[in-house]
Amino acid sequence: MRIYRRDKTLYIVPMCDLIASQVEELRDAILDKFKKENSISHVILNAEGIDVVDSLGVNLIIGTYRQSDSQSMSFEVINASMRFTKISAFFKFEDFFKVSPEKKTK
Amino acid sequence: MIEQDELLAEFIDEALQHFQTIEPDLLELEREGDQIDQEIVNRLFRGMHSIKGAAGFFGLKNINDLGHAMENLLSLVREKRISVDSDLVDSLLGGTDILRSMVEDVGSSDTIDISGIMELLQNKLNTTSISIKKVKLFEILGNGKKGRDFDLPEDTVKRFVKGGNKIYSVEVYLNKDIADQDKTPFDFINNMTSTGEFLNISFSFDKINGLEDCLDNELSLVFLFSTIMEKELVPMALELPEEQVKEINLDNFIQRIKKNLELKPVKKDQKEENPLVAEPEKIESDTQQDSGGKMEGTTNAARQIESEEKIRVGVNIMNDLMNLAGELVLGRNQLMQTALPLIKDVQGLNPVLQHVSSITTEMQGKIMQMRMQPVSALFSKFHRVVRELAKKLGKEINLVTFGEDVELDKTIIEALSDPMTHLIRNCCDHAIEKPDEREKAGKQRQGTIELKAFHQAGQVHLDVIDDGAGIDGLKIAQKALEKKLITQSQLEEMSEQEMARLILKPGFSTSEKVSDVSGRGVGMDVVQTNISHLSGSLSIETKVGYGTKLSLMLPLTLAIVSGLVIRVADQYFIVPEANILELVRIKPEEVKQRINTIHDAQVLRLREKLLPLIDMKTVLNLSPENSDKKETTDGVKPVRVLVARYGKSTIGIKVDSLENFEEIVVKPLPRYMKSLKSYSGASIMGNGKVSLILDIAGLVAKAQLTISEEKEEKHLLNQKDSTENEEQQTLLLFDNKTEERLALPLELITRIEKVSAASIERVKDKTYMQYQGEELRLVFLEDYLPIQKPERTQDETLGVIIPKQVKHRLGLVVGKVYGTLNEPVHLDTKNISSPGLFGSAVLDGKITLLPDLFKLTEMAAPDWYGEDEKKKSGERKLILLVDDTPFFRMIESEYLTSVGYDVIVAENGQQALELLDNHKVDAVVLDIIMPVMDGWQTIEAMRGDDRFKNLPVIAVTSLGDEQSRERGLASGFTEWESKLNKELLLEKLEKMLV
């Protein structure tokens, strides 16, 4: 898991499935970063390496979006795998934030 | 959390189920046009709405978009804003096809180009200048304040309001309300759609405010739902907490509509008490819709209450269960055979065995029941097939289906799809004429194909009946001759029906050209082969100029069947019970008289028919030295014949002995035996030995038997001397372990069981045995009839006769069963008579007592028959009983007088008409086959006479087939019943006399 800042953008790169056994640790790390960092205007969840998202994983994504929104930050997901995209469609994430699929490499 | 793949599989299943009704409903829509039953349109709309909604739920864009466009069109149909024509239905059917193909391959659905069909549907929508106006509505919260808002189409809301519906927002938590309750989202949606209509789904993230609380709260779905139910009932119906259901405020909306109406001039004929009728010109349809909407809600709610809880089970599991049940039955049979000799020595073994046996039978029955499907699953697709073919061939064809609820094993339904499709295609292509030709022939321009399913004699019958040109037997035979399928001499011997059957020969086709519809020269023989593989048969009846009836007879299931074990040349074979009509033993001295040889083939004379006889030893080349050695002193053996059903014909099979009935598990033949067409499979018997199951059709083919009953019957029956003109009865002869002989009409008997006396159980003062998983009450004849009392011991084996045609089943305990006897019965009712006994007759040179089976059961169980006594106290009615046979006259007269009717009798129709002139008769019980004037002539004469036009007449006849029954009812009979069925005769008579 990596959470880092570049300019005014906060990058969250879990590099693991968003499942019950992982989300609490992830949530605490993201929350900690939100508290520490100031002047962030954009939050990006890099979904690279996320294959499985369970119900708590969905809650974490929505929680991160809500947190960003409440602090007037925009939120988006990048590098979404096919499975992640399906989950995104299922929960209609794109009604709230942008979800971009992973870039195909040659 | 519920896995998405599982949900998707559920979606596909559900959607495919919707397609099963969508397609036939669209065809109905085309037939009925604007007069269509509103419920069908509603069902179409709901089906499409569900598919669209669920597709949106999964982000399946193409399915959602196409479903949405079709739903919009159906909405216009529902609101009668678009006229229904063939073109519109074509578009909807086209859309359905694409939608189905996308559902079947959901993964690729978004890669399919749907622009063409979308454009087509959009053009249809554009023609009605539809504009969807939205209205914003709010939830009412507990404190009366506004909650969330929703944008909904105004027309839809108007429709609900007019129907008296309310709209609710329903919040559902995926885990708490669905997964934790062992439900799937589809269970929930199904529940919802059975009590109302859902409009929209969205996810609610309202409970999550940020990272702090995101793991403590659950996501929810918000359904917008319309129903006639009051708010208090909705949580109960949907099994949700009250706080998750909120009503949508419609007051402002209703006020607004009322205001609009006040501004408009009200027409005189407009119903003032319904201020919500916005479009005066649509008053009629809207009113219908109103009541329809309410009814729909009510009936759906009722349906919900009645519906059983269901779960889905994979076919593989079902097949495994079926195989295991088969193995269990085999194991049970073997256990019974092995343990039976030990019953006496091991205390308590018998009840355990009986328990295991009954549980096995019950479990096997339930598993087989699970595999049964209604034939509607098969029939429904043919509406589309006929429609498309009719269009292609320039014909007008109407397909009518009957008996769609009749059930068959899933395997049979699936295997029937191809042969049935072929038959239907043939009907459309060859049988039904072009409209102009039909008109010239004095027929309606539109031809009709009827598909009928019904049960008869433990089998399912599927009839394909057309009113087309019929099959020209001669033309068929000429063609067969040209193709060298038959010889000239064979042709000369053939009847018209036999000629028509030539279409079943391999390589036969009369089509002038090979088309892509039919006429490829293969087909009907393949159909016949496929039906034979299902242990079924196919028969053809045809009349040139009038049409053709193709009848398929099929077993209910293929996996476990009841079969009779027979022995021939020391080898055991099994004949499925469904094929068996009766068992006949011919005494040595009658063999010459009753078995004749015609054209090198043996025939059996059985009552008024001649049956082709198959000698299994010859046909199957079984070793003659092993055959039955039992001969009488003059060298002639008694002959045992198993009378079997072969299509609509009957044949006799000579066997050495008849063993016992067993539940057999059908195993396929090994590959190296597949070419032996005389066998349909194999089974392991209770004694552990393997037996082959006979395939009657294959055996007939192997024997090169030509069924030409008409000619042979005429040939031999012409030789009958006058003494044979008396009607013969078939009786089962038996004793009661004493010297006295007794007999019962075979028609009254279902089967005969052998039981060990030790296995009979006594409860209070009554005796029972285990039979087919239930307790069967036993009746000992000596307890009710004036006959000798036999000595009974615990180690003896008893016969139990199981009667049929009685309201309450019980078993008659008898001693030795001698077999059947076929001769005229001269009943003596004076010398030996008592309650429960008709009298006596000299049969086979001995005095034989004839018990009155119905009276006997009434005496044994008077509590079952208390109702009948009441009739005696009412007004006495006079019944005219017409039957040429003294035996039946006597029995039926006894039936009628026993419940208080006055009876006068006639021996034929002519006598009956004379009696009718002089008596005030309340009803007539009329036989059909009689000398001088038969039943057909009598009913014609009666219905042609104004005095007897409405007189109730019930036919009581041995003609029990469906065709005769239909003909009878069409000829003017009020009811049609088979002989000797006392309970049904009295029941129908009582109904007729009300």
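Along each chain, numbering runs from 1 in the same order as the chain's sequence is written. Ligands are numbered from 1 and chains lettered from A, in the order in which they are written. At least 70 in pLDDT is required for a residue's local features to be given in this predicted model, at least 80 for side-chain atom pairs to be given and counted, and no such filter applies to totals for whole chains, interfaces and linings, which use all residues. Think of the side-chain values as coming from all heavy atoms in the structure, minus any hydrogens and water.

**Points about the overall build of chain A**
(1) Moving on: Only runs of H or I of at least four residues qualify as helices and only runs of E of at least two qualify as strands under DSSP, and these elements are numbered from the N terminus. Each helix and strand counted, chain A has 3 helices and 5 strands in total.
(2) Moving on: To sort residues, take the accessible area from a 1.4 Å probe on protein chains only and compare it with the maximum for the residue type: under 20% means buried, over 50% means exposed, and anything in between is partly exposed. Counting the 106 residues in chain A, one finds 49% classified as buried.
(3) Moving on: Per-residue and other accessible areas follow the Shrake-Rupley method at a 1.4 Å probe size, with only the shown protein chains counted as cover for residues. Surface accessibility of chain A: about 5600 Å² in total, with carbon and sulfur atoms responsible for 46%.

**Section: the overall build of chain B**
(1) Moving on: Within chain B, the secondary structure is distributed over 31 helices and 40 strands.
(2) Moving on: Taking all 994 residues of chain B together, 52% fall into the buried category.
(3) Moving on: Between two residues, a contact is recorded if the distance between any of their heavy atoms is within 4.5 Å. Within chain B, counting contacts between residues at least 6 apart in sequence, those at least 24 apart form 68% of the total.
(4) Moving on: When the accessible area of chain B is evaluated, it comes to approximately 47700 Å², of which 50% is carbon and sulfur surface.

**What about the environment of Pro638(B)?**
(1) Moving on: As for its placement among the helices and strands, Pro638(B) is situated in the loop between α22 (616-619) and β20 (639-646).
(2) Moving on: Expressed as a C-alpha distance, the spacing of Pro638(B) and Arg585(B), which sit 53 residues apart in the sequence, is 6.9 Å.

**Observations concerning the packing of helix α29 (residues 935-943) of chain B against helix α30 (residues 962-971) of chain B**
Residue and element names in this part refer to chain B.
(1) Moving on: Comment: axis = line fitted to C-alpha atoms, over the contacting stretch for helices; angle = value between 0 and 180 degrees taken between N-to-C directions. Interaxial distance between α29 and α30 falls to 10 Å at its minimum, and their mutual angle equals 25°. Of the possible angle classes, the one that applies to α29 and α30 is roughly parallel. In contact with Trp936, Ile939 and Arg943 of α29, α30 contributes Ser964, Arg967, Gly968 and Ser971.
(2) Moving on: The residue classification treats Ala, Val, Leu, Ile, Met, Phe, Trp, Tyr, Cys and Pro as nonpolar and Asp, Glu, Lys and Arg as charged. All others, Gly included, are polar. Considering only residue class, the contact of α29 with α30 consists of 2 nonpolar, 3 polar and 2 charged. Here the word oblique covers every angle except those under 35 degrees (roughly parallel), over 145 (roughly antiparallel) and from 65 to 115 (roughly perpendicular).

**Structural notes on helix α12 (residues 315-339) of chain B**
All names here are of chain B.
(1) Moving on: Expected span of a helix: the number of residues minus one, times 1.5 Å. Under the 1.5 Å per step criterion, the end-to-end length of α12 is 35 Å for 25 residues, consistent within 8% with the ideal 36 Å.
(2) Moving on: Buried residues of α12: Met318, Met322, Ala325, Gly326, Val329, Leu330, Arg332, Asn333, Met336 and Ala339, and no others.
(3) Moving on: Packing partners of the buried residues in α12 comprise α13 (349-370), β14 (560-568), β22 (657-665) and β23 (679-684).

**Thoughts on the sheet that holds strand β28 (residues 761-763) of chain B**
All names here are of chain B.
(1) Moving on: Two strands qualify as a pair provided DSSP detects at least 2 bridges between them. On the basis of which strands lie adjacent, the open sheet formed by 6 strands has the order β27-β31-β32-β30-β29-β28 and mixed pairing. Bordering the open sheet on either side are β27 (749-756) and β28, each of which pairs with just one other strand. Looking at each pair of strands side by side, their axes are set apart by 40° on average, direction ignored.

**Observations regarding the interface of chain B and chain A**
(1) Moving on: Opposite the 23 residues of chain B that make contact, chain A presents 26 residues.
(2) Moving on: Buried area, as used here, totals the accessible surface that two parts lose on assembly, with accessibility defined by a 1.4 Å probe and the loss added over both. Interface area for chain B against chain A, summed over the two sides, is near 2200 Å², with a carbon-plus-sulfur share of 66%.
(3) Moving on: In the analysis that follows, any N or O atom pair within 3.5 Å is treated as a polar contact, provided that within protein one partner can donate a hydrogen and the other can accept it, and provided that, for residues neighboring in sequence, both atoms belong to side chains. Taken together, chain B and chain A are joined by 6 residue pairs in polar contact (both at pLDDT 80 or more).
(4) Moving on: Elements with a contribution of two residues or more to the side of chain B that touches chain A: α1 (4-32), α2 (38-57), α7 (174-178) and β4 (197-204) of chain B.

**Quick word on unusual backbone geometry**
(1) Moving on: In the Ramachandran plot, Ser39(A) falls in the positive-phi region, its phi being about 55° despite a non-glycine side chain.
(2) Moving on: In this fold, Ser39(A) is placed in the loop between α1 (20-36) and β3 (42-46).
(3) Moving on: The phi angle at Ala569(B) is positive, at roughly 50°, despite the residue not being glycine.

**What to know about the pairing of strand β25 (residues 729-735) of chain B**
Residues and elements named next belong to chain B.
(1) Moving on: Most of β25 sits inside the fold, with 7 of its 7 residues counted as buried.
(2) Moving on: Alternating residues of β25 divide into Gln729, Leu731, Leu733 and Asp735 and Thr730, Leu732 and Phe734, and every residue in both groups is buried.
(3) Moving on: Looking at chain direction, β25 and strand β33 (residues 817-823) are connected through 6 bridges and run antiparallel. Residue pairing in the sheet places Thr730 in a bridge with Asn822 of β33.
(4) Moving on: Direction of pairing for β25 relative to strand β26 (residues 741-745): antiparallel, over a ladder of 5 bridges. Opposite Asp735, over in β26, you have Arg741 as the bridge partner.

**Brief notes about the pairing of strand β1 (residues 2-6) of chain A**
(1) Moving on: Summarising the sheet, β1(A) and strand β2 (residues 9-13) of chain A pair through 5 bridges and their orientation is antiparallel. The residue bridging Arg5(A) from the neighbouring strand is Leu10(A), located in β2(A).

**Observations concerning the environment of Pro790(B)**
(1) Moving on: Mapped onto the fold, Pro790(B) is located in the loop between β30 (774-780) and β31 (797-803).
(2) Moving on: When the C-alpha atoms of Pro790(B) and Asn736(B) are compared, they prove to be 6.8 Å apart, with 54 residues separating the residues in sequence.

**Points about helix α14 (residues 376-393) of chain B**
Residue and element names in this part refer to chain B.
(1) Moving on: Helix length check: α14 (18 residues) gives 26 Å between terminal C-alpha atoms against 26 Å at 1.5 Å per residue, within 8%.
(2) Moving on: Those residues of α14 not exposed but buried are Leu378, Phe379, Ser380, Phe382, His383, Arg384, Val385, Val386, Arg387, Leu389, Ala390 and Leu393.
(3) Moving on: Just past α14, the residue Gly394 takes up positive phi, approximately 70°.

**With respect to the sheet that holds β4(B)**
All names here are of chain B.
(1) Moving on: Strand order in the open sheet formed by 4 strands is β4-β5-β3-β6, and the pairing between neighbours is antiparallel. Looking at which strands have only one partner, the edges of the open sheet turn out to be β4 and β6 (245-247). On average, adjacent strands in this sheet sit at an angle of 20° to one another, irrespective of strand direction.
(2) Moving on: Here 7 bridges tie β4 to strand β5 (residues 220-227), and the two strands are oriented antiparallel to one another. Note on β5: the bridge partner recorded for Phe198 is Phe225.

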